[in-house]
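Results of the structural survey
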Amino acid sequence: MESSVEQLPVAIIGAGGFGSQTLHALLNCPRVKLVGLADRDASLAARLGAECNVPAYGDNRSLLAETRPRAVFAAVPPAAAGDVLELCASRGIHLWKEMPLGRTIEEAAAFVRRAEQANIKLAVGTQRRFADTYRRAHELRGKLGDIFLGRTHYLFNWGPRLAWRGDKASGGGALIELGYHHIDLIIWSLGLPEAVYGLTTCGRRMEPVSPEEKLQPPYDTDDTACVIMRYANGTMVTCVTTRVSGPVSEELIFHGRCGSLRADAEQCVLRDADGSVLESLADPTRPATAYERQVDAFAQAVLDDATYYPCSGRENLLNVATIEAIYLSDRTAQPENPRERLRSQGFTAEDCRLYIKPTTASSQ
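What follows covers the sheet that holds strand β9 (residues 222-230). Sheet architecture is open: 8 strands sit in the order β8-β9-β10-β7-β11-β12-β13-β14, paired in mixed fashion. Strand pairing shows two members of the sheet lacking a second neighbour, β8 (195-202) and β14 (277-282), which therefore form its edges. Direction aside, neighbouring strands of the sheet carry axes that sit 10° apart on average. Looking at chain direction, strand β11 (residues 244-256) and strand β12 (residues 259-263) are connected through 5 bridges and run antiparallel. Counted as the bridge partner of Phe 254 is Leu 261 from β12. Set on the sheet, helix α6 (residues 132-140) makes contact with β11, β12, β13 (267-272) and β14; between it and β13 the angle comes to about 25°.

Within this structure, the stated rule accounts for 22 salt bridges. Among the salt bridges present, the one from Glu 350 reaches Arg 353, with a minimum N-O distance of 2.0 Å.

With that settled, the discussion passes to the packing of aromatic side chains. Applying the stated criterion across every chain yields a total of 5 aromatic pairs. Between Phe 73 and Phe 298, the ring centres sit 5.8 Å apart and the planes meet at 90°, which makes this aromatic pair edge-to-face. Of this pair, Phe 73 sits in strand β4 (residues 71-74) while Phe 298 sits in helix α8 (residues 288-304), and the two are 225 residues apart along the sequence. With relative accessibility at 0%, the residue Phe 73 sits in the buried group. Aromatic pair Phe 156 and Trp 158: ring centres 6.0 Å apart, planes at 45°, arrangement tilted. Linked through ring pairs, Phe 18, Phe 156 and Trp 158 together constitute an aromatic cluster.

It is the contact of helix α7 (residues 174-190) with helix α9 (residues 313-332), at a shortest axis distance of 9 Å, that shows an interaxial angle of 120°. In terms of axis orientation, α7 runs oblique to α9. Along this stretch, α7 crosses α9, giving a crossing that reads as right-handed. Across the interface between the two elements, Leu 175, Ile 176, Tyr 180, Ile 183, Asp 184, Ile 187 and Trp 188 from α7 touch Glu 315, Asn 316, Leu 318, Asn 319, Val 320, Thr 322, Ile 323, Ile 326 and Tyr 327 from α9.

Take helix α4 (residues 81-91) next. Every buried residue of α4 is listed here: Ala 81, Val 84, Leu 85, Leu 87, Cys 88 and Ala 89. Along its buried surface, α4 packs onto β1 (8-13), α3 (60-67), β4, β5 (94-98) and α5 (105-117). Once α4 ends, the next one or two residues include Gly 92, with phi positive near 70°.

The next subject is α3. Every α-helix winds through 3.6 residues per turn, so residues three or four apart in the chain are directed the same way. Along α3, the residues that are buried comprise Leu 63, Leu 64 and Thr 67. Taken down its axis, α3 places every buried residue within 95° of arc, on the same side. Looking at α3, the residues exposed on the side facing more than 90 degrees away from the buried face are Arg 61 and Glu 66. The inward-facing, buried residues of α3 abut β1, β2 (32-38), β3 (56-57), β4 and α4.

Before going further, it helps to spend a moment on unusual backbone geometry. The omega angle of the peptide bond from Met 99 to Pro 100 is 5°, so this bond is cis rather than trans. One can find Pro 100 in the loop between β5 and α5. Omega for the bond connecting Gly 246 with Pro 247 falls within 30 degrees of zero, at 0°, which places this linkage in the cis form. Take Pro 247: it is sitting in strand β11. Residue Asn 53 is not a glycine yet carries a positive backbone phi of 60°. Looking at where Asn 53 falls in the secondary structure, it is placed in the loop between α2 (42-52) and β3. A positive phi angle, close to 50°, is found at Asp 305, a residue other than glycine.

Once that is clear, we can look at the side chain of Thr 235. For Thr 235, the location among the structural elements is in the loop between β9 and β10 (236-242). For Thr 235, a relative accessible area of 4% puts it in the buried group. Within the structure, Thr 235 has its side chain in polar contact with the side chain of Asn 233 (distance 2.9 Å).

So, how was this worked out
- Residues numbered from 1 in each chain as written.
- Predicted model: local features only at pLDDT ≥ 70, side-chain atom pairs only at ≥ 80, totals over all residues.
- Heavy atoms only, no water.
- Pairing = 2+ DSSP bridges.
- Helix = DSSP H or I, 4+ residues; strand = E, 2+ residues; numbered from the N terminus.
- Axes fitted to C-alpha atoms, helices over the stretch in contact; angles between N-to-C directions.
- Contact = heavy atoms within 4.5 Å.
- Salt bridge = Lys/Arg side-chain N within 4 Å of Asp/Glu carboxyl O.
- Phe/Tyr/Trp six-rings, centres within 6.5 Å; stacked < 30°, edge-to-face > 60°.
- Buried < 20%, exposed > 50% of the residue type's maximum accessible area, 1.4 Å probe, protein only.
- Parallel < 35°, antiparallel > 145°, perpendicular 65-115°, else oblique.
- Left-handed = near helix turned anticlockwise from the far one by under 90°.
- Arc of directions from axis to C-beta.
- Polar contact = N/O pair within 3.5 Å; in protein donor to acceptor, adjacent residues only side chain to side chain.

Next comes the structure, spelled out in C-alpha cells:
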C-alpha cells in the first residue's frame, strides 16, 4: 500500500492477552496510525507503549482525552465492554470490540442502540470471515445446490487459568467464546436458523499434574456445547465446541445436492457429489493476516463514512440471539427460536441486515 494512504488515528484499550493480537494487527495495518494504548495493568501498558513508541495509560479516559483517536479497538473482558462503549459513544469515537457483542441479547441490543444514538460505527471481532479459506467457502457455497447439512466444530484446551472465563455473569463460557466464531460463519452463509436445540456441560476441572499445581477453582460456565440448528427449508447444522480438549481443531463443512465444501484455517476444498475434488485452496498467510484484514476493513469504513460495513453490531445481534436461544434450550430441554430472542428486544432478522450491502446479504 502506498505511503500516501490516508491513516485513521486509533487507540487500543486492553493490550494484554488476546489484545496483543489486536495490537500487532494495528501495527501492521498501513491504514491506521496507533496514537496510544491503555491497559488496567499500568506496568504492561508502559512497557508496550515504549515498544510501540506511543503514549501509554492505565486510565481509559486519559487515553481518549489526550490522544483523541477517531476509533478505538477494545480487547477487554465482556463485563467491561459497556463502560468502554459509553466512553467512546460520549466522545463520538467509533468502536471495534472483541466478540461477543454482548453477554445477553438485552445487553447486545442496548450496545447497538447506544452506538447508533451516538452516530458511531460498532463492529465485532469475527475475524474468520477475513481468512482466505472461510471467505472462499462463503463464495463457493452456491455451487453445492440445495444445502441440506452443515457441520462445524472448534476444539481447544484453554487450561486451568480461566479467570473471568469461569464466571457466567462476566460473560465466560465455551459456547459464547469459541462457538461464537463458527456460529457467525454459519449465519453468515446460511442465515438465521428457525430453531436451535443445545446441550452444555460444566465443571470439567483439570487434575493437577504435579504436587505443586493446584486444582482449578469451581466455576459456573460451560466447558462443552453441542448444538443442532434447523432451517425453514429443512437444512440442518450441527455445532460442537469445547475448551477442555486439545489439540486446537476447527472446521466448517457444508453438504449439498451437488457436492460438499470443507474449510478450516488452512484449506478450503470443494468436491462433487462423488467426492472428487473440484477446487482446492490453501492459505499460506499467517493467522494474524485475518486480524489485519478486519482492522483494514473497519478503518476504511470509518474513513469513508461508509453506510455498509462488515461485522457490524446489528449483524452480530443474530449471533447473540442464536447463542442465547441455545443456552435457553439447554435449560428448557426444548427447541428455541432465535427470532423470539430478537423480538424480545424489538428487532427482526431483517433489521439486523441494515449495514449489510443488499447484494451480499444471504437469504433467510
